[in-house]
Amino acid sequence: MSELSSLFKPQDKPQDKPQVKPSSKSKSLWIKNPQAVFTGNELDAVGGIVVQDNKIVELVGAGKTPVTPIDATEDASQLVMLPGLINTHHHFYQTLTRAWAPVVNQPLFPWLKTLYPVWAKLTPDALSLACDVALAELLLSGCTTTTDHHYLFPTGMEDAIDVQVDSVKRMGMRALLTRGSMSLGEDEGGLPPRHTVQSGDAILKDSQRLIDTYHERGDGAWMQIALAPCSPFSVTREIMADSAQMAIDEDVRLHTHLAETLDEEDFCLKMFGMRTVDYLESVGWLSDRTWLAHGIHFNKDEIRRLGAAGTGITHCPVSNMRLASGMCPTLELIEAGAPIGLGVDGSASNDASNMMYEARQALYLQRLKYGAAKITPELILGWATKGSASLIGRCDIGEIAVGKQADLAFFKLDELRFSGSHDPISALLLCGADKAEQVMIGGKWRVKAGQIIGLDTQTLMARHRAVAAKLVS
């Protein structure tokens, strides 16, 4: 287990389950008169919002004061307010192999084959530090809820998801952790080496344990579990089908990589005799329970079928550009009925865990495909908030409205890069906001003055760098 707990001052260490319990003595906070606000909907919150316990209880219109009795106020006149950003695809462990020279110029398949032996040396302590860094970076970018897709379980790493749970709880964030898996080794025609794969029985047994132990249901959930066989080229048909059935039985979500590269399409044609979406349907995954990472190489009929099923897509623009994989057809997918969210992907193909940076790149990459008029800052911020929430089956987060969780990100436009900007919402992406000034999760401040409350970031980085150097040596 990581020593991150020692990096928090005792009074600042987040509780294991930071859910605020309703109380007759609960305090109300008016976050007053933000410089600008993006609500993710058509509601008026120009005068700010009122937070009580863990929820938003009132939106205040322009020039108005709250109806709710107010116990405290927070001046937001120098802050741009957003719903907390939601990251729907990541690989926390990859923060240990960022900008590693042997893979800097490789596309996906050789990139993976070069990195698999390095990642196979992962230890619980190394994973914990990797998670700590990924989560801290996400939090500082205004992210309040994240997913992670962990699929590496070599000997000694059987409890990898438990390690991630501990890290998320210490950081005080919400998470949907996906129990990834690899069951198709290179000796059977897959991509990963044999010592990195598990049997189907081991995967399903651990998946059931994690659901039973950690999965929370309903509004305000802090920790959830989904099932996530890694990709068509690293798992068997059987584990895909069995995972789909378990997801139905346990009412949890499904996640995998799909249609990321043309190499993957060729693999599916050779291995299964069908294209990626046909394969997805053949194993019971074409449904609104499923969301897919990347989703680049679809034809028109596949887009129609994905939309009809309500299957969601995580757009990962930086990784797609870094590995030269291609462009996600977002607008066609949305028109067909498929929801779109954003994800930073792994920190060895990004190489960052910053949701605002991801949003900016999504804006520019999608404008290359569709033109400037169709791809607006508001559209992209919607993907990073309400769109991402829909991918993971949440309707209590992702927008600013009465009854929603008080998950909020605030940005200050006082750096040189913002001088001369006029529209605060557009400036966030066009001028490159990449660090939140304040972040609230469940009604509790987690970032103030641009710093994670109580976290010794310098010590965390020193420990993380040492482990990263050892892993690639």
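Residues numbered from 1 in each chain as written. Predicted model: local features only at pLDDT ≥ 70, side-chain atom pairs only at ≥ 80, totals over all residues. Heavy atoms only, no water.

Engineer: It is not clear to me how the confidence of the model for the protein should be interpreted in this structure. Could you clarify?
Structural biologist: The predicted coordinates ought not to be read in detail in places where the model reports low pLDDT. Per-residue confidence for the protein gives a mean pLDDT of 95; residues scoring 70 or more make up 95%. Counted against residues more than four places away or in other chains, residues 15-23, with its pLDDT under 50, gives 15 contacts. (pLDDT = per-residue confidence, 0-100. Contact = heavy atoms within 4.5 Å.)

Engineer: What is the right way to look at the nonpolar core in this model?
Structural biologist: Nonpolar side chains in soluble globular proteins tend to end up buried together. Within the largest apolar cluster, 124 residues are counted, with the highest numbers of intra-cluster contacts made by Trp111, Trp119, Leu177, Phe298, Leu333 and Ile380. Per element, the largest residue contribution to this core is 12 residues, and it comes from helix 2 (residues 124-140). Within the second largest apolar cluster, 16 residues are counted, among which are Val51, Met81, Ile400 and Trp445. (Core = buried A, V, L, I, M, F, W, Y, C linked by side-chain atoms within 4.5 Å. Buried < 20%, exposed > 50% of the residue type's maximum accessible area, 1.4 Å probe, protein only. Helix = DSSP H or I, 4+ residues; strand = E, 2+ residues; numbered from the N terminus.)

Engineer: Got a minute to help me understand the packing of aromatic side chains in this structure?
Structural biologist: Any aromatic ring pair is given by two values, namely how distant the centres are and how the planes are angled relative to each other. As enumerated under the stated definition, the model contains 9 aromatic pairs in all. Aromatic pair Tyr93 and Trp119: ring centres 5.0 Å apart, planes at 85 degrees, arrangement edge-to-face. Taken together, the positions of Tyr93 in the loop between strand 7 (85-87) and helix 1 (108-119) and Trp119 in helix 1 put the pair 26 residues apart, joining distant regions of the chain. Overall, the relative accessible area of 1% leaves Tyr93 in the buried class. Here Trp111 and Trp119 contribute two aromatic rings whose centre-to-centre distance is 5.6 Å and whose plane-to-plane angle is 75 degrees, an arrangement assigned as edge-to-face. Neither residue differs from the other here; Trp111 and Trp119 are each classed as buried. (Phe/Tyr/Trp six-rings, centres within 6.5 Å; stacked < 30°, edge-to-face > 60°.)

Engineer: Would you mind going over the side chain of Arg174 with me for this structure?
Structural biologist: Looking at the secondary structure, you find Arg174 in strand 9 (residues 174-181). One polar contact links Arg174 to Gln405, side chain to side chain, over a distance of 2.9 Å. (Polar contact = N/O pair within 3.5 Å; in protein donor to acceptor, adjacent residues only side chain to side chain.)

Engineer: I keep staring at the packing of helix 2 against helix 3 (residues 160-171) and nothing clicks. Help me out?
Structural biologist: Two measures define how a pair of helices packs: the angle their axes make with one another and the distance between the axes. Relative to each other, helix 2 and helix 3 sit at 40 degrees, their axes nearing to 9 Å. One finds that helix 2 runs oblique with respect to helix 3. The interaxial crossing formed by helix 2 with helix 3 has right-handed handedness. Judged by residue contacts, Pro124, Leu127, Ser128, Cys131, Asp132, Leu135, Ala136 and Leu139 of helix 2 engage Ala160, Val163, Gln164, Ser167, Val168, Arg170 and Met171 from helix 3. (Axes fitted to C-alpha atoms, helices over the stretch in contact; angles between N-to-C directions. Parallel < 35°, antiparallel > 145°, perpendicular 65-115°, else oblique. Left-handed = near helix turned anticlockwise from the far one by under 90°.)

Engineer: Looking at this model, I keep getting lost on helix 3. Mind explaining?
Structural biologist: One turn of an α-helix holds 3.6 residues; hence residues three or four places apart share an orientation. With 12 residues, helix 3 ought to run about 16 Å at 1.5 Å a step, and its terminal C-alpha atoms sit 17 Å apart, in line with that. Counting buried positions over the 12 residues of helix 3 gives 10, a clear majority of the element. Burial in helix 3 covers these residues: Ala160, Ile161, Asp162, Val163, Gln164, Val165, Ser167, Val168, Arg170 and Met171. Just downstream of helix 3 lies Gly172, where phi reads positive at about 75 degrees. (Expected span 1.5 Å × (residues − 1).)

Engineer: Can you walk me through the sheet that holds strand 15 (residues 408-412) in this structure?
Structural biologist: The strands that make up a sheet pair up through hydrogen bonds in the backbone, lying either parallel or antiparallel. Strand order across the open sheet formed by 6 strands is 2-6-15-16-17-18, with mixed pairing between neighbours. Strands at the two margins of the open sheet, each flanked by one partner only, are strand 2 (36-37) and strand 18 (451-452). (Pairing = 2+ DSSP bridges.)

Engineer: How do you make sense of the pattern of salt bridges when you look at a structure like this?
Structural biologist: Pairing is possible between side chains that carry opposite charge, provided their charged atoms lie close to one another. Per the counting criterion, the structure on display carries 24 salt bridges. Salt-bridge contacts for Glu399 lead to Lys404; the nearest nitrogen and oxygen are separated by 3.7 Å. In this pair, the class of Glu399 matches that of Lys404, namely buried. (Salt bridge = Lys/Arg side-chain N within 4 Å of Asp/Glu carboxyl O.)

Engineer: Just to check I follow, could you spell out the environment of Ile452 for this structure?
Structural biologist: Considering the arrangement of structural elements, one finds Ile452 in strand 18. Overall, Ile452 belongs to the buried group, its relative accessible area being 5%.

Engineer: Mind showing me how you'd approach unusual backbone geometry here?
Structural biologist: Negative phi characterises most residues that are not glycine, and trans characterises most peptide bonds. Here Asn350 and Asp351 are connected by a cis peptide whose omega angle stands at 0 degrees. Examined against the element boundaries, Asp351 turns out to sit in the loop between strand 14 (340-342) and helix 11 (355-370). For Asn33, which is not glycine, the phi dihedral falls at a positive 50 degrees. Structurally, the position occupied by Asn33 is in the loop between strand 1 (28-32) and strand 2. Given the relative accessible area of 34%, Asn33 is considered partly exposed. A positive phi angle is found at Ala99, which is not glycine, with a value near 45 degrees.

Engineer: Please clarify how helix 14 (residues 457-472) should be interpreted in this entry.
Structural biologist: When the terminal C-alpha atoms of helix 14 are compared, their 23 Å separation across 16 residues agrees well with the 22 Å that a helix rising 1.5 Å per residue should span. Every buried residue belonging to helix 14 is among Leu460, His464, Ala468 and Leu471, and all of these are buried. Buried residues along helix 14 cover an arc of 60 degrees about the axis, so they all sit on one side. Turned more than 90 degrees from where helix 14 packs its buried face, Gln458, Arg465 and Lys470 sit exposed. (Arc of directions from axis to C-beta.)

Engineer: What is the right way to read the sheet that holds strand 1 from this model?
Structural biologist: Taken in spatial order, the 4 strands make up an open sheet running 4-3-1-5, and their pairing is mixed. Of all strands in the sheet, those with a lone pairing partner are strand 4 (55-60) and strand 5 (72-75), marking the two edges. Sheet twist, expressed as the mean angle between neighbouring strand axes with direction ignored, is 25 degrees.

Engineer: Even after reading the chapter, I still don't get the packing of helix 3 against helix 4 (residues 200-214), so can you show me in this structure?
Structural biologist: For the pair helix 3 and helix 4, the least separation of the axes is 11 Å and the interaxial angle reads 25 degrees. Put simply, helix 3 runs roughly parallel to helix 4. Note on packing geometry: the crossing formed by helix 3 with helix 4 is right-handed. Facing helix 3, whose interface residues are Ile161, Asp162 and Val165, helix 4 presents Arg209, Leu210 and Tyr214. Residues of the contact of helix 3 with helix 4, tallied by class, amount to 4 nonpolar, no polar and 2 charged. (Nonpolar A, V, L, I, M, F, W, Y, C, P; charged D, E, K, R; others polar.)

Engineer: How do you make sense of the pairing of strand 17 (residues 444-448) when you look at a structure like this?
Structural biologist: Strand residues, when the strand is regular, have side chains that alternate between the two faces of the sheet. Taken together, the 3 bridges between strand 16 (residues 438-441) and strand 17 define a ladder with antiparallel strand orientation. Counted as the bridge partner of Val439 is Val447 from strand 17. Following strand 16, the chain reverses through 2 residues before pairing antiparallel with strand 17; Gly442 in that reversal takes a positive phi of roughly 60 degrees. For strand 17 and strand 18, the ladder comprises 2 bridges, and the chain directions are antiparallel. Within strand 18, the residue paired with Lys448 across the bridge is Gln451. In this antiparallel pair of consecutive strands, strand 17 and strand 18, the connection spans 2 residues, and Ala449 shows a positive phi of 50 degrees.

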